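Architecture at a glance
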Amino acid sequence: MSAEREIPAEDSIKVVCRFRPLNDSEEKAGSKFVVKFPSGGEDNCISIGGKVYLFDKVFKPNATQEKVYNEAAKSIVSDVLAGYNGTIFAYGQTSSGKTHTMEGVIGDPHKQGIIPRIVNDIFNHIYAMEENLEFHIKVSYYEIYMDKIRDLLDVSKVNLSVHEDKNRVPYVKGATERFVSSPEEVFESIEEGKSNRHIAVTNMNEHSSRSHSVFLINVKQENLENQKKLSGKLYLVDLAGSEKVSKTGAEGTVLDEAKNINKSLSALGNVISALADGNKTHIPYRDSKLTRILQESLGGNARTTIVICCSPASFNESETKSTLEFGKRAKTVKNVVTVNEELTAEEWKRRYEKEKEKVARLKGKVEVLEQELSRWRAGETVKAEEQVNLNDINEAITPVSGMEESVVEQPTGPMPATPALMIGSTLGLEERQKLELERERLYQQLDEKDEEINQQSQYVEKLKEQMLEQDELIAGTRRDYEALQSEMNRIQQENESAKEEVKEVLQALEELAVNYDQKSQEVDAKNKEMESLSEELMVKQASLNTTTTELQQLKDMSSHQKKRIAEMLSNLLKELGEIGTTLGSEGSEIKISNDSAKLEEEFTVARLYISRMKSEVTNLTQRLQDIENKEQDSNKKVTEYEKELGECRLLISQHEARMKSLQESMREAENKKRMLEESVDALREECAKLKAAEQVSSASESEKKEANELRLALEQQMDQLRDAHQKQVAALRDEIAEKQQLINDIKDSNQKLSLAQQQLQSDYEKIKSEETEKSHKLQELIATNERREQARKDLKGLEDTVAKELQTLHNLRKLFVQDLQARMKKNMSNEDNEEDGGSLAQKQKISFLENNLDQLTKVHKQLVRDNADLRCELPKLEKRLRVTMERVKALETALKEAKEGAMRDRKRYQYEVDRIKEAVRQKNLARRGPAATIAKPIRSGQHHSLVAGGGVTRPQGSNPADDAQKRRSIVVGGKD
Ligand code: ADP
Ligand code: MG
C-alpha cells in the first residue's frame, strides 16, 4: 500500500442501470418497449418519455452477465483486496432482474451473476498476489424482513441487532461469520443460506420480493514481513422490490409488510436524498436497519456501486421512472474512502514523530500569526509582504487532518463532522459536547435495547422450538396413549369374549348334565324293560323247568320201573332160590335119612350158592350204583342233550318239512295200495266166479244145484270175509290216521315250543346287545360325569376360597358388631339415665352400619369374583406381553442395526466428501502451480470450520513446492 492511498479520496457513488428484456407476460400483454438508448459514443444514457438520464453505465437488455460484471463490479475486487470497503446493491421493482444481476445461476459460467464472479475473482486475485500475505476470509449471510435481521446461516437467530464498533462503524452483532478458504465453501454457504430461507417461508417469490438479502464478505490480510494489516468489507445486497404498495393490491398483514419494506426502502431513499442534498445536517441512517447497515456504503467509507434494474415495458413505465430518479439522486452522493489499515507500533511511532514535528511547525506559525494579530489589534496595518502566507499553513494542516480522520480515528464519515461544525457556530462548545454525549448515550441505549430485543427474540425462538418439541412429545404420548387405550379396549373385549366363552362352557356343562339325566332316565327305563323281559324269561325258564321236571319224573318213573324190574328179578331169583332150597330140602330129607355127610355137602353147596347169590347181590347193588352214577352222568348228559335238543329241534323243524312231504307221499302210496288191494279183491272175486263157472260148466246139471248152493255159500262166505276184511282195514286206517294226527299235534306243539325258544333266544341276544350298548353309553356318561365332577370340584375349590374370605369377613363383621355392642353397652352404662331415643338412634346407626357392612361384603364378593376372573386373564396377558416384548426387542435390535448402518454410511460419506474436497484442492493447487498456502487454523466452538478443517489440514509434505511457497497464505479463522 503506497502512502498516497492513505489519503482519503472523495468518490461519488457509482450508479449503473440495467434493463432486462421484455418478459413473456409483458409481450403477451402487448407491452411496448418504452425506453430508448440514444446512440452515441458511450452507452451511459437512456431516455424515457422524452426525459434523459445519465448514469455511469447503461446496460441494454442484451448485455451479458459477464459484461455487467466486468464493467460494473470487477474493479471492486481489487479495492476490497487493497483494504477498502465496498458495496454493490441492486435496486428496482420486483422481477426487474435484481436477483438475476446479483446472483444469477450460480455455477453456470454464462448465467452466473455478480456474487459468484466476485468470489471467484477474489480468490484468483489472492492466488496471484505477492507471496508474503496471509488472508482471513469470512462470510455472513442474512436477510432483513419487516426490519428484522434474520441470520440465514443459523436459523435460530431471527432478530439480530445492529451495533457500532469502537470506530463507530455499524455492524450486525451476533451474525454468523463463516470462515472460508475456497470459492466452493462460499457457494456452499450461499446454498445453505438460500435453503434456510426457503424452509422458513411458504411463498418464496413473495418473500424475496419483500425482503432484502445481504451477503457480506470480510477480507483481512496480513503482510508477514512488515505485519501490516488491511481489511475490507464487501456488502452484496439484493434489495426488496421497490414498487409502490398500491400496485400489489396488498391487504392486512401483507400490507403491513409491504409498508414496512417500503419503509426501509423509503428510509434508503431519504438517506440518499439527504446525502444528495449537501446542506442536510442530519442523515436518517437510524430510520431502518437497512440504512444503518449500509451507513458506511452511503456517504461513508466505501466504494459503492448501485445497479438499478428496470423493466423496459410500458406497463412498468412509472416504476421505471421512479427507479431512474432514485439512481439519479444516488449518483450525486459522495463517499470518502480510505484504506482500513491497522498500524504497527513502529508505524505509530513514526507517525507520532511526524505529528510532533508538525505540531512544532504549527506552533511556530501560530506564534508568527499571533504576533501579526496583536499588531492588527493594536491598530497597526501590516504590510502585505509582512503578512503570513496562509497557504503555507494550509499545506501543513491538510495531510494531518486527513490522517486523523482516516487512520487514527476511523472516521464515521464526513457528515457527522459537518453538522457538528454547523451547530458549533450557533451553540456553545460545551452545550454541543453535552448534546453529543447525550446523543451518544441514547444511541448506546438504543443499541442495548436492540440487543435485548434480539436476545428476547432468540429466546422466543428457542421457546418456540421447545414448544414444537413438546407438542411433538405430546402428540407422541397421545399416540402412545391412544395405542394403549386401543390395546386396553382390545383386552377388555377379549376379556368379555372370554367371559362369554366361560358362560358358554357353563351352559354346555349344564346341557351335558341335562343330557346325562335324560340318559340315565332312559337307562332306567331300559333296565325296567330288561327286568320285565328277564321276568318273562324267568317265566319261560320256569315253564322249561316244569317241562324238564316232567321229563325228570318220566325218567324217575322209568328208573322206578327199572328198579321194580330189578326187584322183580331179584324176587324171581329168590323164588328160584327157594325153589332150589325146597328142591334141596326134599333131597336132604331123603338124604338126612340116608347120609349126614351128604347133607353137609349140600349145605356147603347151598352156602356156596348163598355166597354166590350174595356176590351176585353185591354185584347187583354195585351195578345199581353204577347205573345210578350213569344216571347222574346221563342226567348231565341230558342237560347237554337238552342243549343239543335246541339244535336238534332246529334240525327237526327242518326235517319236519321233509317229513310232511314224505307223509303226503306215504298217504298217496297208501291210497294206491288200497286201490290195488281193492282191485286185487275184485280180481279174486272174478277169479272165484270164473272158477265156479268152470265147475258149473264142467259138472252136470245135477250137480248144478249143488254147485249153486256151494256158490251161494261161497259168495256168502266171501262177502262176509270181504266185509270183515274191509272193516278191519278201515279200523286200522282210522287208527293210523289218529296216530298220525297225534304225532302231528305233538310235533306242532314241539315246533311251537322250539319257535318260542328261538324267539326267546333271539330276544335274549337282542337284549344282551342292547345292554352292551347301554353299558357303553353308560361308561361315556360316566366319563362326562367325571369331567363334570372335576369341574365341580374346581368350582368348589374356588367357592371354598371365596367362602373362606367370606368367613374372615364375617368374623371381622362379628368382631365389629361385638365391638359396637360393647361400645353401645358402655355408652348405655355411661348414659344410664338418658332417654330411650339415644339407644334408638344408636340402633338405627347400627342397622345402617350393618347394611353398609352387607353392601361391603357384597362388593367384596364381587371383587373376589372379579379378582378370580382377572387372575385367569393374567397368564394370557402375560403371554401376550411377552410376545410384544419380544417384538419390541426385535424391532429395537433392527433399529440399532439400522442406526449403526446409517452411522457407518455417514462416516463413509464424510470420508468420501473429505477425500473429494482434498482431491479438488490438490487439483486447484496443481493448476495454480506455486501459489499461496491456505493455512486454516481451527477455531474452537466453530462447528463449520471444525468440519471443514478436517479436510484442510493436509500434510505439508504432500506438495513439495509448499516449503518454498509458505509466505503467501489465506488464513481462515485465526486471531479475530
Ligand atoms: P427480481 O429479483 O428483481 O425480482 P429476477 O432477477 O428474479 O427479478 O428476474 C425476474 C425474471 O426475469 C427471472 O426469470 C430472470 O431470469 C429474468 N431476467 C431478469 N433480468 C434478465 C436479463 N437481463 N436477461 C434475461 N433474463 C432476465
Ligand atoms: Mg429477487
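Residues numbered from 1 in each chain as written. Chains lettered and ligands numbered in written order. Predicted model: local features only at pLDDT ≥ 70, side-chain atom pairs only at ≥ 80, totals over all residues. Heavy atoms only, no water.

1. Some points on the confidence of the model for the protein chain
Confidence in the prediction for the protein chain averages 81 pLDDT; 84% of positions are at 70 or higher. Per-residue pLDDT, averaged within each element of the protein chain, yields its smallest value for helix α19 (residues 943-952) (37) and its largest for helix α4 (residues 98-102) (95). Here residues 1-6 scores under 50 on pLDDT; set against residues more than four positions off or in separate chains, the count is 9 contacts. Segment residues 929-967 is flagged for pLDDT under 50; beyond a separation of four residues in sequence, or across chains, it makes 65 contacts in the model. (pLDDT = per-residue confidence, 0-100. Helix = DSSP H or I, 4+ residues; strand = E, 2+ residues; numbered from the N terminus. Contact = heavy atoms within 4.5 Å.)

2. Section: the side chain of Asn340
In this structure, Asn340 sits in the loop between β16 (334-337) and β17 (341-342). Within the structure, Asn340 has its side chain in polar contact with the side chain of Asn85 (distance 2.9 Å). A distance of 3.1 Å separates polar atoms of two side chains, one belonging to Asn340 and the other to Asn301. (Polar contact = N/O pair within 3.5 Å; in protein donor to acceptor, adjacent residues only side chain to side chain.)

3. What to know about the site of ligand 1
Neighbouring ligand 1 are the residues Arg18, Arg20, Pro21, Gln93, Thr94, Ser95, Ser96, Gly97, Lys98, Thr99 and His100. Take Thr99: an N or O atom from its side chain is 2.6 Å from an oxygen atom of ligand 1. Separating an oxygen atom of ligand 1 from a backbone N or O atom of His100 is a distance of 2.7 Å. (Near = heavy atom within 4 Å.)

4. What about the pattern of salt bridges?
This structure, assessed with the given rule, holds 38 salt bridges. Its salt-bridge partner being Glu341, residue Lys228 comes within 3.5 Å of it at the nearest N-O pair. Of this pair, Lys228 sits in the loop between β13 (212-223) and β14 (229-238) while Glu341 sits in strand β17, placing them 113 residues apart in sequence. A single burial state applies to Lys228 and to Glu341, both of which are buried. (Salt bridge = Lys/Arg side-chain N within 4 Å of Asp/Glu carboxyl O. Buried < 20%, exposed > 50% of the residue type's maximum accessible area, 1.4 Å probe, protein only.)

5. Here's the deal with the packing of helix α2 (residues 65-72) against helix α5 (residues 114-128)
Helix packing for two helices is described by the angle between their axes and how far apart those axes are. Between α2 and α5, the shortest axis-to-axis distance is 10 Å and the interhelical angle comes to 60°. As the angle between them shows, α2 and α5 are arranged oblique. Note on packing geometry: the crossing formed by α2 with α5 is right-handed. Across from Gln65, Glu66, Val68 and Tyr69 in α2, the residues of α5 making contact are Ile114, Arg117, Ile118 and Asp121. Class assignment of the residues belonging to the contact of α2 with α5 gives a composition of 4 nonpolar, 1 polar and 3 charged. (Axes fitted to C-alpha atoms, helices over the stretch in contact; angles between N-to-C directions. Parallel < 35°, antiparallel > 145°, perpendicular 65-115°, else oblique. Left-handed = near helix turned anticlockwise from the far one by under 90°. Nonpolar A, V, L, I, M, F, W, Y, C, P; charged D, E, K, R; others polar.)

6. Overview of the environment of Ser288
As for its position among the elements, Ser288 is in the loop between α9 (252-276) and α10 (289-293). Assessed through its relative accessible area of 4%, Ser288 is described here as buried. Residues Ser288 and Lys148, 140 residues apart in the sequence, show an inter-C-alpha distance of 9.6 Å.

7. Looking at the sheet that holds strand β5 (residues 51-54)
Reading across the sheet, the 3 strands line up as β3-β4-β5 and stay open at both edges, with antiparallel pairing between neighbours. Looking at which strands have only one partner, the edges of the open sheet turn out to be β3 (35-36) and β5. The sheet contact formed by strand β4 (residues 45-48) and β5 spans 4 bridges and is antiparallel. For Ser47, the partnering residue across the bridge sits in β5 and is Val52. Running over the sheet, helix α11 (residues 317-331) touches β4 and β5 and is turned about 40° from β5. (Pairing = 2+ DSSP bridges.)

8. Notes on α5
Spanning 15 residues, α5 covers 20 Å between terminal C-alpha atoms, matching the ideal 21 Å at 1.5 Å per step. With respect to burial, α5 is a largely interior element, 11 of its 15 residues being buried. Turning to α5, its buried residues are Ile114, Ile115, Pro116, Arg117, Ile118, Val119, Asp121, Ile122, Phe123, Ile126 and Tyr127. (Expected span 1.5 Å × (residues − 1).)

9. Points about the pairing of β13
Of all 12 residues in β13, 11 are buried, a share of seventy percent or more. Sheet analysis places strand β8 (residues 133-145) next to β13, joined by 12 bridges and oriented antiparallel. Following the sheet pairing, Ser140 is matched in β13 by Leu216. Two strands pair when backbone bridges link them, and β13 and β14 are joined in this way by 10 bridges, in the antiparallel orientation. Bridge pairing in β14 places Phe215 opposite Leu236. Connecting β13 to the antiparallel partner β14 that follows it, the hairpin turn spans 5 residues, and Gln227 within it adopts a positive phi of roughly 55°.

10. Considerations on the packing of helix α3 (residues 74-81) against α5
Viewed as axis vectors pointing N to C, α3 and α5 meet at an angle of 50°, and their least axial separation amounts to 10 Å. It follows that α3 is oblique to α5 by the angle criterion. The two elements α3 and α5 cross, and the hand of that crossing is right-handed. Of the residues in α5, those in contact with Lys74, Val77, Ser78 and Leu81 of α3 are Ile118, Asp121, Ile122, His125 and Ile126.

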